[in-house]
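Overview (structure and organization)
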Amino acid sequence: MTQSGQEPPDTGRGAPDASGIDSAVKAQTRSKRRRRRRRSGKMHGAAENGAKRPAPPAAASTGGQADSGFASALQAETGAANGGLQARAEVSADGRNSPDSPPSAKGQKAKRRRNRKRGGKNGGAGRELPEKFAAKEIATDRKPGNSEAPQAPTENGAYLRPSGPGRRRPVHGKGQPDGRGRGPRPGPANRSRGPVARQENRKLYAALDLGTNNCRLLIARPEERGFRVVDAYSRIVRLGEGVGAHRRLSDAAMDRAIDALANCHRKLAERGVERSRLIATEACRAAENGAEFISRVQAETGLALEIVNRETEARLAVAGCVSLVDQEAEGVILFDIGGGSSEIVWLDLRNRCGARGYALTRFIRSWISLPVGVVNLAERHGGVHVTPDIFEAMVADAAGHLAAFSLGEELTAAIASGRVHMLGTSGTVTTLAGVHFGLKRYDRRRVDGAWLENTQVGAMIDRLRDMPYEERVENPCIGADRADLVLAGCAILEAIRRRWSCSRLRVADRGLREGILTELMAADGVWSRRKTNGRQTGRQRGKS
């Protein structure tokens, strides 16, 4: 019994047991409780919340007072346990700790795992970097050669990951706390996966082709493989109307062309195009007042057009269509039937050694530019009511210019091997493909890249030749703008087929504009650069 003025007994875990309960049992209970708290990632509840554990009251020798003291001690012990439970209950439903309770090591690990899963869906924007990687992240960003300053911490001291292709993820390796996995790759934090993903290569390119019949514009942005069309424009202006007879551009034709070019200038300005090439072809080459027209265009629209020669026109046609060349082909006869001229190119691919794409432009063996196109041929022979005799006369007119093709016999011998196909890029072949497929409306996705057998091409030419003018106008793949020109194009194609007959023809709804864009982007190196921030190629390693 505790008397007045007597010293209370020792308190704490080492105090003698006055409750009457076996001390071994209580010690075992406390040990189990500590293990449960360690597994849950919590310290002792009272200690974690900053509160000291209350000391149990003094023990008494009488039964009633002893029971009261034991009840008080048990209540204090229970309160401490409830404090731990309450701290664990403060964890919210989504697994994050409340602001009053800092997360445990296990909670931090679960949080990082959730953030990684969320980052796969939303690109990792706004994700926090774990504290144990913060120092390593800053050290990596401050390495020599890194021009980008480390990010400033947010209000809660965490570092946010940059979003987009250049964002960095926690890396493990030598010098990391856990020492697992691969080490960090050298280089700046915002390195891109490919050269076209870099900001300086996101500029827009434009190509304009002012031909004898059409004015076409194409605006595109380079991608990792090829380019993506941003805007396009096409209008039939018939600039070469009457040039074959009078050798001059008419005032009406020039007015139509300048009106279309003004629309092109507006599109270029609205899109903010940085790199462009604007060309004019046969109509301006053949007309006596072609140079005067170019000066008028620059004065009235601000566009500086370039009159290209026939060799450049043939090369651009190849550059725009080589992606459609069969990978197994040993040769290609590429032709572009234009309004005032027609280009024919022989690609000799017997020694291509796996080359493909733009690299195939190096395999041009021979080429020719015929001074006949759909406009001047239709003006000479008529294009509205075409009889079989008129059609044959147009075929003979075009065939007379094929004799000037150099290496014609060598090309015939190469075709005999059976690994040579035709590749046509013009309104004539796209019209034939649309009629062959029976399209109710022209669909480039169905036409571009389509294969036609030689017998199918011949059947389509015969079908159009027998089709009256009114029916050609009503056909959705021809229309009124081409109804009087399509048979002249078929005659030029028939002359080429009779001179060099191939078993297959591939249709290309592409041409000079795509070739211009390809050459501009290749000249800027948007596909050839392989800068990988610290990783050297074999040639570079050999020099070092």
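In case you missed it, the structure is sitting above this.
These remarks concern the structure in this document. Because the structure is predicted, anything quoted here is derived from the model rather than measured.

What counts and how
Residues numbered from 1 in each chain as written. Predicted model: local features only at pLDDT ≥ 70, side-chain atom pairs only at ≥ 80, totals over all residues. Heavy atoms only, no water. Salt bridge = Lys/Arg side-chain N within 4 Å of Asp/Glu carboxyl O. Helix = DSSP H or I, 4+ residues; strand = E, 2+ residues; numbered from the N terminus. Buried < 20%, exposed > 50% of the residue type's maximum accessible area, 1.4 Å probe, protein only. Pairing = 2+ DSSP bridges. Core = buried A, V, L, I, M, F, W, Y, C linked by side-chain atoms within 4.5 Å. Contact = heavy atoms within 4.5 Å. Patch = residues over 30% accessible without salt bridge, like charges linked within 9 Å, V, L, I, M, F, W, Y side chains within 5 Å. Areas by Shrake-Rupley, 256 points an atom, 1.4 Å probe, with all protein chains shown as cover. Lys, Arg positive; Asp, Glu negative; His and termini not counted. Charge placed at Lys NZ, Arg CZ, Asp CG, Glu CD. Phe/Tyr/Trp six-rings, centres within 6.5 Å; stacked < 30°, edge-to-face > 60°. Lys NZ or Arg CZ within 6 Å of the ring centre and 35° of its normal. Axes fitted to C-alpha atoms, helices over the stretch in contact; angles between N-to-C directions. Parallel < 35°, antiparallel > 145°, perpendicular 65-115°, else oblique. Nonpolar A, V, L, I, M, F, W, Y, C, P; charged D, E, K, R; others polar. Expected span 1.5 Å × (residues − 1).

1. Structural notes on the pattern of salt bridges
- Applying the stated criterion to the full structure yields 32 salt bridges.
- The partner of arginine 498 in a salt bridge is glutamate 392, with the nearest N and O atoms 3.2 Å apart. Of this pair, arginine 498 sits in helix 18 (residues 486-499) while glutamate 392 sits in helix 12 (residues 388-399), and the two are 106 residues apart along the sequence.
- Overall, arginine 498 belongs to the partly exposed group, its relative accessible area being 49%.
- Note that arginine 465 is salt-bridged to aspartate 462, the shortest N-O span being 3.5 Å.

2. Notes on the pairing of strand 5 (residues 227-236)
- By the bridge criterion, 9 bridges tie strand 4 (residues 214-222) to strand 5 in an arrangement that is antiparallel. When the bridges of strand 5 are listed, alanine 220 appears paired with valine 229.
- Two successive antiparallel strands, strand 4 and strand 5, enclose a turn made up of 4 residues, where glycine 226 displays a positive phi of approximately 90°.

3. Some thoughts on the environment of asparagine 475
- Tracing the chain through its elements places asparagine 475 in the loop between helix 17 (469-474) and helix 18.
- Separated by 34 residues in sequence, asparagine 475 and arginine 441 place their C-alpha atoms 8.9 Å apart.

4. Observations regarding unusual backbone geometry
- Phi at arginine 247 is positive, roughly 60°, even though this residue is not glycine.
- Along the chain, the position of arginine 247 falls in the loop between helix 6 (243-246) and helix 7 (251-271).
- Positive phi, close to 60°, is recorded for leucine 407, a residue that is not glycine.
- Turning to its location among the elements, leucine 407 is positioned in the loop between helix 12 and helix 13 (408-415).
- Residue classification places leucine 407 among the partly exposed residues on the basis of a relative accessible area of 28%.

5. Description of the nonpolar core
- Counting residues in each nonpolar core, the largest one holds 53 residues, and the members touching the most others are Ile333, Phe335, Ile344, Phe391, Leu464, Leu493 and Trp500.
- Looking at this core, the element that brings in the most residues is helix 18, giving 9 residues.
- In this view, leucine 464 contacts Leu432, Val435, Arg472, Ile478, Val486, Leu487 and Cys490; residues no more than four positions away in its chain are not counted.

6. Some points on a positive patch on the surface
- Residues Lys32, Arg34, Arg35, Arg36, Arg38 and Arg39 make up a contiguous surface patch of positive charge.
- Relative to the elements of secondary structure, arginine 36 occurs in helix 1 (residues 23-39).

7. A short note on helix 11 (residues 374-381)
- Among the residues of helix 11, those classed as buried are Val374, Val375, Asn376, Leu377 and Ala378.
- Of the surrounding elements, those touching the buried residues of helix 11 are strand 8 (331-337), helix 12, helix 14 (427-437) and helix 18.
- Positioned one or two residues after helix 11, glycine 382 has a phi angle of 95°, which is positive.

8. Structural notes on the environment of serine 369
- Here serine 369 lies in strand 10 (residues 364-370).
- Residue classification places serine 369 among the buried positions, given a relative accessible area of 11%.
- Between the C-alpha atom of serine 369 and that of isoleucine 344, which follows or precedes it by 25 residues, the distance is 6.3 Å.
- Among residues more than four places away in sequence, those in contact with serine 369 are Arg310, Ser341, Ser342 and Glu343.

9. Structural notes on the sheet that holds strand 7 (residues 306-307)
- Spatial strand order, 5-4-3-6-7: 5 strands in an open sheet with mixed pairing. A strand with exactly one partner marks an edge of an open sheet, and here the two such strands are strand 5 and strand 7.
- Sheet analysis places strand 6 (residues 275-280) next to strand 7, joined by 2 bridges and oriented parallel. Among the inter-strand pairings, alanine 280 is bridged to a residue of strand 7, identified as isoleucine 307.

10. Side note on the packing of aromatic side chains
- Overall, the coordinates contain 1 aromatic pair when judged by the stated rule.
- Each ring, one from phenylalanine 405 and one from tryptophan 500, has its centre 5.1 Å from the other, and the planes form 65°; the classification is edge-to-face. Residue phenylalanine 405 is found in the loop between helix 12 and helix 13, and its partner tryptophan 500 is found in the loop between helix 18 and strand 13 (504-507); the two are separated by 95 residues along the sequence. In this pair, the class of phenylalanine 405 matches that of tryptophan 500, namely buried.
- Just above the ring of phenylalanine 437 sits the side chain of arginine 446; from NZ or CZ to the centre is 5.0 Å.
- We note arginine 465 situated over the ring of phenylalanine 391; from NZ or CZ to the ring centre the distance is 5.8 Å.

11. So, the packing of helix 14 against helix 16 (residues 454-465)
- It is at 10 Å that the axes of helix 14 and helix 16 come closest, and there the two elements cross at 90°. Relative to helix 16, helix 14 is oriented roughly perpendicular. Two secondary-structure elements touch here, helix 14 through Leu432, Val435 and His436 and helix 16 through Gln456, Met460, Ile461, Arg463 and Leu464.
- Its residues placed into classes, the contact of helix 14 with helix 16 shows 5 nonpolar, 2 polar and 1 charged.

12. Quick word on helix 7
- End to end, helix 7 covers 30 Å across 21 residues, agreeing with the expected 30 Å (1.5 Å per residue, within 8%).
- Here helix 7 has its buried residues at Ala253, Met254, Ala257, Ile258, Ala260, Leu261, Asn263, Cys264, Lys267 and Leu268.
- Elements that come into contact with the buried residues of helix 7 comprise strand 3 (205-210), strand 4, strand 5 and helix 9 (290-301).
- Immediately beyond the C-terminal end of helix 7, within one or two residues, lies glycine 272, with a positive phi of roughly 70°.

13. So, the sheet that holds strand 12 (residues 451-453)
- Taken together, 6 strands build an open sheet; the order of strands is 10-9-8-11-13-12 and the sheet is mixed. Each end of this open sheet is capped by a strand with a single partner; those strands are strand 10 and strand 12. If you compare each strand with its neighbour and ignore which way they point, the axes differ by 20° on average.
- Alignment of strand 8 against strand 9 (residues 342-348), held across 7 bridges, turns out to be antiparallel. The partner of leucine 334 across the bridge, within strand 9, is valine 345.
- Relative to the sheet, helix 14 contacts strand 8, strand 11 (420-424), strand 12 and strand 13, its axis offset from that of strand 13 by approximately 100°.
- Against the sheet, helix 18 engages strand 8, strand 9 and strand 11, with an angle of about 155° to strand 8.

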